[in-house]
Amino acid sequence: MPDDDFSPDPQPVFLHRPVSARKGRGAVTNLQGRYETEVREEIDDGWLREEEGAPAYRTEVVEEHAKSILTRNASPDVPFDVSLNPYRGCEHGCIYCFARPTHSYLGLSPGLDFESRIYAKVNAPELLRRELAKPSWTPESIALGVNTDAYQPCERSLRLTRRVLEVLHDCGNPVAVITKSSLIERDIDLLAAMAARRQAIAAVTITTLDPAIARTLEPRAAAPARRLRTIRTLTDAGIPVGVSIAPVIPFVTEPDLERVLAAAADAGAVAASFIVLRLPWEVNPLFQQWLEAHFPDRARRVMNRLRDMRGGKEYDASFGKRMHGEGVWADLIRQRFDKAVARLGLGSRSRGYAALDASQFRRPAAEGQFELF
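The sections below set out a description of the structure shown in this document. Model, not experiment: these values are computed from the prediction.

**Some points on the sheet that holds strand β5 (residues 117-121)**
The strand order β1-β5-β4 describes an open sheet built from three strands, whose pairing is mixed. Taken across any chain shown, the strands that pair with only one partner, and hence form the sheet edges, are β1 (60-64) and β4 (87-88). The pairing of β4 with β5 spans two bridges and is classified as antiparallel. By the bridge assignment, Y87 is partnered in β5 with A120.

Here it is in structure tokens:
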């Protein structure tokens, strides 16, 4: 056979599959955590039919018996010193969640695993009661649901947050709750009674009023209009409510800044705060994948603007800079926020924390018994 008629067997061609959105999920991949020892890469060998789509990720809730429940915070950027999180992972699936990298410690992905593999600290109420009973406990406000939402969907049946609030209510220990779920309305009886004693405040996170953006950004959280109704419901019950605009994402949620503040004030919010998008660790590539899947037309502009506000970097963890950024664009967002807050008569969220009263704390001496502090 002539040499020019010889053709070797063609080599298989493997393609990187383009990222695509998954219905009901924020992350578009199961990005590996930074502690993985082996690197895996997803490719398309041609056997997956286009109509089959991406495999579904079902939510799995794992019961966990925690060893401790209160977390101490030394950051000057936040108004609280102690926080409590009944869950690890969050089914709301917010793509921007700064807690996503914590799933790497579990050998899981900060991507789809974070929002589908939820760990419930089933002994959280008992651990809290034990902590409050210690002579070393000095009564102070506890922030509830900071890393992951204490009112995510599985709370409806597990009721861990409800039981934690019952302990705080019975002990008279102040609490500050932050959520983007209307499920908080279930616990109005406890929160209203505590608020009457200046022992409870709440904050509802609203990033945008656009339901289409919210469905991709926070796919399993309450719709923006529903969160506004929650602010009104809590306010009518006598519970001081603030609005948290977190995060502000340039060219995505940032245009809505003033409208969110006005709508929240109209619903009864008395305070407001904002945080510019943070991209620590694995949140950075996950967010950029989300941009590519949902906003490819503006992905480069978004990232360039974020770098402008982070001194040329995509993230700067320095205290004083990580929450609001720096530079011209960061100053512009801050000015817009300050002017809107002043016009609407909203206060600062940190003042709400400072107003909480811990003087009525009663230390639990034994199960069902209390002693005055």
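**Points about the nonpolar core**
Residues L128, L168, V175, I231, L261, F287 and L306 are the most contacted members of the largest nonpolar core, which totals 83 residues. Among residues more than four places away in sequence, those in contact with L128 are I69, L70, L84, I142, V164, V167 and L168.

**Observations regarding the packing of helix α4 (residues 160-171) against helix α5 (residues 188-196)**
α5 packs onto α4 with a crossing angle of 25 degrees between their chain directions and a minimal axis gap of 10 Å. Considering the angle they form, α4 stands roughly parallel to α5. When the axes of α4 and α5 are compared, the crossing they make is left-handed. Residue-level inspection shows R162, L165, E166, L168 and H169 of α4 in contact with α5, the latter providing D189, L190, L191, A193 and M194. Grouping the amino acids of the contact of α4 with α5 by side-chain chemistry returns six nonpolar, one polar and three charged.

**Remarks on the packing of aromatic side chains**
This model, assessed by the stated rule, comprises four aromatic pairs. Between F80 and Y353, the aromatic rings sit 6.2 Å apart at their centres with planes inclined by 35 degrees, giving tilted as the arrangement. Residue F80 is located in the loop between β2 (70-72) and β3 (82-84), and its partner Y353 is located in helix α12 (residues 349-354); the two are separated by 273 residues in the primary sequence. For the pair formed by F80 and Y353, the shared burial category is buried. Relative to F295, the ring of W290 lies with its centre 5.5 Å away and its plane at 55 degrees, an arrangement referred to as tilted. Here W290 falls in the buried class, since its relative accessible area comes to 0%. With relative accessibility at 11%, the residue F295 sits in the buried group.

**Notes on a nonpolar patch on the surface**
A cluster of nonpolar residues, V328, W329 and L332, forms a patch on the protein surface that exposes about 290 Å² of accessible area. Within the secondary structure layout, L332 lies in helix α11 (residues 328-344).

**A word on the pairing of strand β8 (residues 200-205)**
Burial of β8 is extensive: six of the six residues sit out of reach of the surface. Judged by which residues are buried, β8 turns out to be covered on both faces: A200, A202 and V204 on one side and I201, A203 and T205 on the other are all buried. The pairing of strand β7 (residues 175-179) with β8 spans five bridges and is classified as parallel. Paired with V175 across the strands is A200, a residue of β8.

**Here's the deal with the environment of S104**
Locating S104 in the fold gives a position in the loop between β4 and α1 (112-116). With 68 residues separating them in the primary sequence, S104 and E36 have C-alpha atoms 8.1 Å apart. Not counting chain neighbours up to four residues away, the residues in contact with S104 comprise G33, R34, Y35, P110 and E282. A distance of 2.9 Å separates a polar atom in the side chain of S104 from a polar atom in the side chain of E282.

Conventions and cut-offs
Residues numbered from 1 in each chain as written. Predicted model: local features only at pLDDT ≥ 70, side-chain atom pairs only at ≥ 80, totals over all residues. Heavy atoms only, no water. Pairing = 2+ DSSP bridges. Helix = DSSP H or I, 4+ residues; strand = E, 2+ residues; numbered from the N terminus. Core = buried A, V, L, I, M, F, W, Y, C linked by side-chain atoms within 4.5 Å. Buried < 20%, exposed > 50% of the residue type's maximum accessible area, 1.4 Å probe, protein only. Contact = heavy atoms within 4.5 Å. Axes fitted to C-alpha atoms, helices over the stretch in contact; angles between N-to-C directions. Parallel < 35°, antiparallel > 145°, perpendicular 65-115°, else oblique. Left-handed = near helix turned anticlockwise from the far one by under 90°. Nonpolar A, V, L, I, M, F, W, Y, C, P; charged D, E, K, R; others polar. Phe/Tyr/Trp six-rings, centres within 6.5 Å; stacked < 30°, edge-to-face > 60°. Patch = residues over 30% accessible without salt bridge, like charges linked within 9 Å, V, L, I, M, F, W, Y side chains within 5 Å. Areas by Shrake-Rupley, 256 points an atom, 1.4 Å probe, with all protein chains shown as cover. Salt bridge = Lys/Arg side-chain N within 4 Å of Asp/Glu carboxyl O. Polar contact = N/O pair within 3.5 Å; in protein donor to acceptor, adjacent residues only side chain to side chain.

Geometric values such as these leave the question of function open.
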